[in-house]
Each structure stands twice: as structure tokens, then as C-alpha cells.
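Commentary on secondary and tertiary structure
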Amino acid sequence: MQNRAEDLIKRAAIDSVDSKYAIALTGAGISTESGIPDFRGPDGIWTRHPEAEREAYEHYGELLRDPEAHWEKILEPDSIFSEFDKFGEYAPNPGHYALARLEKLGILKSTITQNADGLHQKAGSRNVIEYHGSMAKLRCMSCGSRFDRKAFDLEELKGEGQLPPRCEKCNGVLKYDGVYFREPIPSDVAHLSLEEAWKCDLMLICGTSAVVYPFASLPRTARQRRIEKERQTETGLYAVEDIQAVTIIEANADLTPLTYEKISGYLIQGRTGNVLPHIVEEVERIMVR
Ligand code: NAD
Ligand code: ZN
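Residues numbered from 1 in each chain as written. Chains lettered and ligands numbered in written order. Predicted model: local features only at pLDDT ≥ 70, side-chain atom pairs only at ≥ 80, totals over all residues. Heavy atoms only, no water.

Taken together, the neighbourhood of ligand 1 is formed by 28 residues, with Q114, H132, T208, S209 and D254 sitting nearest. In the environment of ligand 1, a nitrogen atom lies 2.9 Å from a nitrogen or oxygen atom belonging to the side chain of T32. Between T272 and ligand 1, the recorded distance is 2.9 Å, taken from a backbone N or O atom to a nitrogen atom. Here ligand 1 has 850 Å² of accessible area as a free molecule, and 93% of this is covered by the chains. Of the residues that constitute the shell around ligand 1, the class distribution is nine nonpolar, 13 polar and six charged. (Near = heavy atom within 4 Å. Polar contact = N/O pair within 3.5 Å; in protein donor to acceptor, adjacent residues only side chain to side chain. Areas by Shrake-Rupley, 256 points an atom, 1.4 Å probe, with all protein chains shown as cover. Nonpolar A, V, L, I, M, F, W, Y, C, P; charged D, E, K, R; others polar.)

Approximately 310 Å³ is the volume attributed to the second largest pocket. Around the second largest pocket sit 15 residues that line it, and D85, G88, M135, A136 and K150 are the ones nearest its centre. For the lining of the second largest pocket, the per-class residue count stands at six nonpolar, three polar and six charged. (1 Å grid on protein atoms, 1.4 Å probe; cavity = no way out; pocket = protein on both sides within 12 Å on 5 of 7 lines; lining within 4 Å. Points joined across faces, edges and corners; volume = space filled by probe spheres on them.)

Let us now look at the side chain of K175. With respect to the helices and strands, K175 occurs in strand 6 (residues 174-176). Take K175: its relative accessible area is 1%, and that puts it in the buried class. A polar atom in the side chain of K175 sits 2.8 Å from the side chain of E183. Ignoring anything within four residues of it in the chain, the contact list for K175 reads L63, W71, L138, R139, M141, Y180 and E183. (Helix = DSSP H or I, 4+ residues; strand = E, 2+ residues; numbered from the N terminus. Buried < 20%, exposed > 50% of the residue type's maximum accessible area, 1.4 Å probe, protein only. Contact = heavy atoms within 4.5 Å.)

Let's shift gears to the sheet that holds strand 6. Pairing is antiparallel across the open sheet formed by three strands, whose spatial order is 5-4-6. Each having just a single partner strand, strand 5 (146-148) and strand 6 make up the two edges of the open sheet. Mean inter-strand twist for the sheet, computed between neighbouring axes without regard to direction, equals 35 degrees. When strand 4 (residues 137-140) meets strand 5, the two strands line up antiparallel, connected through three bridges. Residue pairing for strand 5: L138 is matched across the bridge by F147. (Pairing = 2+ DSSP bridges. Axes fitted to C-alpha atoms, helices over the stretch in contact; angles between N-to-C directions.)

With that settled, the discussion passes to the side chain of D38. Along the chain, the position of D38 falls in the loop between strand 1 (22-26) and helix 2 (45-48). Once residues lying within four places of it in the same chain are set aside, the contact partners of D38 are A28, G29, T32, D43, G44 and I45.

Here it is, written out as C-alpha cells:
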């Protein structure tokens, strides 16, 4: 690893140890080293299949118009949704384990992820907010209840002409918990995430292009916060400074709008599976001192 990256890793470790309430924000990039392609990276699903992206924008409207037809379509074997059903077969990588370790060490208070693959929990992270839901669950469009996807035999429902699946509490239509394009973020995760962004004094952003909204507004919200800090001057007088309340660090393969617009304080450019374990190593070195 280059010297500059090494210096920044040390800086990130010091900032992490000094923080009182650190949170992580993650995107599809943290799961690419587990074998799940991202959307917009060089091998991303949208980069390779732009038509699939255009189609994805139609799913939510189709679901609202005709839930039965939508469910029949997404249960076709060549549907992109059959890929999502395979998420359970993937294993976490060193990037996921590093964040779980930071949580265990008491540094990371929560991980807000855009991923719907469940790999943070599999790696041992306990406080995970799934901003874009989970493909292992179904969610009621009326009351918001979530159910284990495996509890439903969707093929059987299809064969019996019983689609869409229905909520056992209110009989509302169920959809995948994974948030579709154009679908509002479920209010519970939206509120929790905003609270975390307001509360944190360190935000570690990992493997995201930071172009999907409203997720990408969380660092911007955090960046707006400023605090007044009293500082003793050389003359013995006190001055009150207005300083940023949050340290924002990016661990990303590529530069993002957060880098260009200086929302993040610094970018450690590289793979999360490499960068994050190095940060943890440094953190542990500092903590045993
Ligand atoms: P994105 O595809 O828009 O961007 C991923 C970013 O991560 C890219 O900038 C890429 O350069 C970078 N990256 C790729 N591999 C990396 C690595 N090993 N280390 C560091 N950076 C790496 O992803 P996004 O920002 O999360 O937004 C896309 C949307 O797609 C999200 O809403 C997400 O829910 C969804 N998605 C989820 C999964 C999943 O659950 N694993 C997979 C694909 C897409
Ligand atoms: Zn319901």
C-alpha cells in the first residue's frame, strides 16, 4: 500500500479511537469482494446492462398498478430478482468483518447499509440499519410488517393463482423488503438513519458511489452540523471557534461527489477488504498502548 494511504489509515485509526459516536455507511462496494457485483463500478450490473437499470425504474409503478402481474414477472427464472434470492449463498469478506470488529471494540455504534444482502449481520455486526431493506424479507405495503422470505412458497402461490403474497396481520400486499427505485424509504429506517447522522461525531463511508438519494444526503446532513469549541489563546484569553462536528472518512475504490464537494474530510482510496482491516489493526495497536 502506498505511503499516503498508510498515513491516512493511521489518521483514520486515531480519529476512530478519539470519536465518541462513530457510525459506518456502506454500499454495494463493500460486498464486491464477496462476489456480489455492484451497480456502478467497472463490473457493475448497470455498467454492463444499462437496459436492466432502465427496467428497474419501472418495477415500482408496475407493482402499484398490478401486484399480481408484477409478482408473476419477477418470479420468472431469468428475472433479476432470481439473482437477489442467491444472496444467502455469499459469505462476508474482511471488510465486513473489520466493521463488525470495530463495533465489538465499542467504537462503531451502528452500520447503515444500502446493501440488501445481510452480509454485515453474517459477519457479526449487531446494530445494522438496512436503509434499502433486505432481499431475505418481504414487507407489507400497508402496515410495514416484515416477514422472512423463506416462510413463503412463492412458486406454490403462483401455481395456485394466489399471487401477490399477503400480510397475515392486515391482508395488505407484500413486496420484497428491498427498496425499489422510486419507492420511498420505509419511515422506520429513514428516521433511525437520520438520528444516527445527527448524533455521530465520526462517519466512515465504505464502498458507495454516493449518488443514490436520499442515502447520499446522510453525510451532507452530518456535514452541516457545527459545534462551538472554546479554545485558550496564547495570551490566556479564550476564543470560541465554530468547527465542524463530524469527521467524515471515505474508504472507496473511486472518488465520489462527496470527495469532489469536500463533504468528506479525506478519502482512503482502495478496496474495503484491504483498507478496513488495516484501520482495525491500527486501532487495536493504539488501544493496547
Ligand atoms: P454503486 O454500485 O452505485 O457503487 C459502488 C461503489 O463502490 C463504486 O463507486 C465502486 O467503485 C466502489 N467499489 C466497488 N468495489 C469496491 C471495493 N472492494 N472497495 C471499495 N470500493 C469499491 O453502489 P451503491 O452506492 O451502494 O448504490 C447502489 C444501490 O444498489 C444501492 O441502493 C444498493 O442497495 C444496491 N445494491 C446492493 C447490492 C448488495 O446488496 N450487495 C449489490 C448491488 C447493488
Ligand atoms: Zn400488513
